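What follows is each chain in one-letter form.
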Amino acid sequence: MSCRILVVDDEPALRVAFEFHLTRSGYEVAVAESAEAALSMVHDFRPAIIITDIQMEEMSGLELLQRVGAAQPEVDVIVITAYEDMRSAIGAIRDGAYDYMVKPLDLDQLDMVLRRCLRDRAARRRLADEPNGKVADGSDLVVGRTPQMIEIYKTIGMLAGTRAPVLIRGETGTGKELVARAIHFNSPQAGEPFVAINCTAIAENLLESELFGHVRGAFTGAVGDRKGRFELAGAGTIFLDEIGDTAPAFQAKLLRVLQEREFYPVGGEKPRRTEARVIAATHRPIEELISQGTFREDLYFRLRVVEIQVPPLRERRDDIPTLAEHLLAKAAREIHKDVRIIPAPVMKALQSYDWPGNVREMENTLTRAAVLAHGPAISLESLGLGSVKPVAAQTAESRPEGVTLEAVERSHVERILQRTGGNKRRAARMLGISRPRLDRLLAKYDGNGNGNGNGDHGDED
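A.B. asks: Got a minute to help me understand the packing of aromatic side chains in this structure?
C.D. replies: Both the distance between ring centres and the angle between the ring planes are used here to describe each pair of aromatic rings. One pass over the full model with this rule turns up eight aromatic pairs. For the pair Phe-194 and Phe-239, a centre-to-centre distance of 6.2 Å together with 20 degrees between the ring planes defines the contact as stacked. Separated by 45 residues along the polypeptide, Phe-194 in strand β7 (residues 194-198) and Phe-239 in strand β8 (residues 237-241) bring together distant segments of the chain. No difference in accessibility class separates Phe-194 from Phe-239, as the two residues are buried. Between the aromatic rings of Tyr-300 and Phe-301, the centroid separation amounts to 5.3 Å while the plane-to-plane angle is 50 degrees, which identifies the pairing as tilted. Assessed through its relative accessible area of 6%, Tyr-300 is described here as buried. Looking at Arg-4, its charged tip hangs above the ring of Phe-45, at a distance of 5.6 Å from the centre.

A.B. asks: Honestly, the nonpolar core in this entry has me stumped. Any pointers?
C.D. replies: Considering soluble globular proteins, one finds that nonpolar side chains tend to be buried as a cluster. Counting 46 residues, the largest nonpolar core has Leu-6, Ile-50, Tyr-100 and Val-179 as its most contacted members. Here this core gets six residues from one element, more than from any other, and that element is helix α6 (residues 147-159). Here Leu-6 is in contact with Ala-30, Val-31, Ala-32, Ala-38, Met-41, Val-42, Phe-45, Pro-47, Ile-49, Ile-50 and Ile-51, once residues within four sequence places are set aside. Counting residues in hydrophobic clusters, the runner-up holds 29 residues, among them Leu-167, Leu-207, Leu-240 and Ala-276.

A.B. asks: When you look at the pattern of salt bridges in this model, what are you seeing that I'm missing?
C.D. replies: Opposite charge on two side chains permits them to pair, given that their charged atoms come into close proximity. Evaluation of the coordinates by the stated rule reveals 25 salt bridges. Arg-256 is the partner of Glu-262 in a salt bridge, and the nearest nitrogen-oxygen pair spans 2.5 Å. Arg-256 sits in the partly exposed class, given a relative accessible area of 33%. It is possible to trace a salt-bridge network through shared partners that takes in Asp-99, Arg-116, Glu-151 and Lys-154.

A.B. asks: What am I meant to see in helix α14 (residues 344-352) here?
C.D. replies: Since the α-helix advances by 3.6 residues per turn, residues separated by three or four positions end up pointing in the same direction. Val-346, Met-347, Ala-349 and Leu-350 are the residues of α14 that are buried. One face of α14 carries all of its buried residues, which in axial projection span an arc of 160 degrees. Structural note: α14 exposes Ala-344, Pro-345 and Lys-348 on the side pointing more than 90 degrees away from its buried face. Contacts from the buried residues of α14 go to α13 (320-335) and α15 (358-372).

A.B. asks: It is not clear to me how the confidence of the model for the protein chain should be interpreted in this structure. Could you clarify?
C.D. replies: Parts of the prediction with low pLDDT should not have their coordinates interpreted in detail. In this model, the protein chain carries a mean pLDDT of 82, and residues with pLDDT of at least 70 account for 86%. Summarising per-element confidence for the protein chain, the mean pLDDT is lowest in helix α16 (residues 405-419) (75) and highest in strand β6 (residues 166-169) (96). Per-residue pLDDT stays below 50 along residues 130-139; that stretch engages in 14 contacts with residues further than four places along the chain or on separate chains. Note on residues 387-403: pLDDT under 50 across the span, and 16 contacts to partners over four residues away in sequence or across chains.

A.B. asks: I tried to follow the pairing of strand β4 (residues 76-81) on my own but got confused; where do I start?
C.D. replies: Every regular strand shows the same layout, with side chains that alternate between the two sheet faces. In terms of residue burial, β4 counts as a mostly covered element, since six of its six residues are buried. Burial along β4 is two-sided: the face carrying Asp-76, Ile-78 and Ile-80 and the face carrying Val-77, Val-79 and Thr-81 are both buried. As judged from the five bridges shared by strand β3 (residues 49-53) and β4, these two strands associate in the parallel manner. Note on β4: the bridge partner recorded for Thr-52 is Val-79. In the classification by handedness, the crossover that spans β3, the intervening helix α3 (residues 61-71) and the parallel β4 is right-handed. Pairing between β4 and strand β5 (residues 99-102): four bridges, direction parallel. Residue Thr-81 lies in a different strand from β5, and its bridge partner there is Val-102.

A.B. asks: Teacher, can you tell me more about the side chain of Arg-316 here?
C.D. replies: Take Arg-316: it is sitting in the loop between β12 (306-309) and α13. Polar side-chain contacts of Arg-316 include one of 3.3 Å to the backbone oxygen of Val-143. What Arg-316 contacts, discounting residues up to four positions off in sequence, is Val-143, Gly-144, Thr-146, Gln-148, Met-149, Thr-174, Pro-311 and Val-359.

A.B. asks: I'm lost on helix α2 (residues 35-45) in this one. Help?
C.D. replies: Those residues of α2 not exposed but buried are Ala-35, Ala-38, Val-42 and Phe-45. End-on, the buried residues of α2 take up no more than an arc of 95 degrees, which puts them together on one face. Residues of α2 that are exposed and angled more than 90 degrees away from the buried face: Ser-40, His-43 and Asp-44. Lining the buried residues of α2 we find β1 (4-8), β2 (28-32), β3 and α3.

A.B. asks: Would you mind going over the sheet that holds β7 with me for this structure?
C.D. replies: The strands that make up a sheet pair up through hydrogen bonds in the backbone, lying either parallel or antiparallel. Overall, parallel pairing links the five strands, which are arranged β7-β8-β11-β6-β12 in an open sheet. A single partner strand is all that each edge strand has here, and the edge strands are β7 and β12. The mean inter-strand angle of the sheet, taken between neighbouring strand axes irrespective of direction, is 20 degrees. The pairing of β8 with strand β11 (residues 277-282) spans four bridges and is parallel. Each bridged residue has a counterpart across the sheet, and for Phe-239 the counterpart in β11 is Ile-279. Against the sheet, α6 engages β6, β11 and β12, with an angle of about 155 degrees to β12.

Conventions and cut-offs
- Residues numbered from 1 in each chain as written.
- Predicted model: local features only at pLDDT ≥ 70, side-chain atom pairs only at ≥ 80, totals over all residues.
- Heavy atoms only, no water.
- Phe/Tyr/Trp six-rings, centres within 6.5 Å; stacked < 30°, edge-to-face > 60°.
- Helix = DSSP H or I, 4+ residues; strand = E, 2+ residues; numbered from the N terminus.
- Buried < 20%, exposed > 50% of the residue type's maximum accessible area, 1.4 Å probe, protein only.
- Lys NZ or Arg CZ within 6 Å of the ring centre and 35° of its normal.
- Core = buried A, V, L, I, M, F, W, Y, C linked by side-chain atoms within 4.5 Å.
- Contact = heavy atoms within 4.5 Å.
- Salt bridge = Lys/Arg side-chain N within 4 Å of Asp/Glu carboxyl O.
- Arc of directions from axis to C-beta.
- pLDDT = per-residue confidence, 0-100.
- Pairing = 2+ DSSP bridges.
- Right-handed = clockwise from strand over helix to strand, strands pointing away.
- Polar contact = N/O pair within 3.5 Å; in protein donor to acceptor, adjacent residues only side chain to side chain.
- Axes fitted to C-alpha atoms, helices over the stretch in contact; angles between N-to-C directions.

This is the structure in structure tokens:
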């Protein structure tokens, strides 16, 4: 290979390791101990690819990325850091980094990224040779450092400069709205409104009015014109949570908004324009809803121009320590207490628990522990994880195959009700659904002889 690579890192041992590995792989390699030194070498060495650390004295790797991008946009920059977080990942991709990798580095993964980069460079050259060819902050909202989360950060960074619709999928409580907010606040429209609406929290006959507004006299009680959420969002973002639970009639109207960028207020005769970006989210299996005829396939394809799958917390257990510290610090600020220590036994319990309610459940658990803390450390007893078995105690026999989705859903709802002592209001909040929807679920289970939908669960907070 004749490809030239410039490695920038302030750690001598890493520079040597990079140079040895890349030279042995056939690349022509130069190394720099700082971003300033790298800038002085770029003109003479003329690298095709720069591999740079982020955290360095004086000029950072992100500033190097910006300056190289402005002066020599044909150079691909791969950012590597040991201090992975959402802010740096999104910033790197948004500012034009080819990829973002995390230390300790997997050399096989680095080789794969370099091969992909070389293929993309060749494709760009072919495109440029063709006639008329064209080469184409809410930043701490999401917490995590596992490979799944790093990929989500990179996707957010790539979405920052676009207005494409996004469909976010994941279990209840995984943080889908936080991902939506991160997309918005890292976009050029960050100064515009971010308007969130839970489609299940509003009665079906009122949802259209809530989103599209209404004119005076449209229905009983409409004593004047009222702007809907789409109009209030302006050129910002409207986030439609639990889109999978909406009615087909509403879906048809939303499809028109995505296709034509216009809508009719309830009772109105003149259409109104919208420039708002639409981000939707659901925990429902949309493909199954389509096959059942309860969700429009054409709307599904309109919404999922880009799809983000947020993993459940049990699938990214390595994130739990970082996430727990973040959530405890947030809880301490909100309740104005100096609670900041998570002892080792408590952290072990947090990591071994299955978290059926995902991040939302962990936040509620740590807030409760902070409230009950007698000093700067939370206790194992204050977690209140109750009788729910940690994942370590769940054997294959306790999770038999062939169980229906409804049975799993019912079991989860009943387990959360046990956690809340039968308090429906708190259970609904933990499940991320409206109180009326919880009542409907309980009534359904009671009708099947499998639950209590007769109001036996209290509401006292």
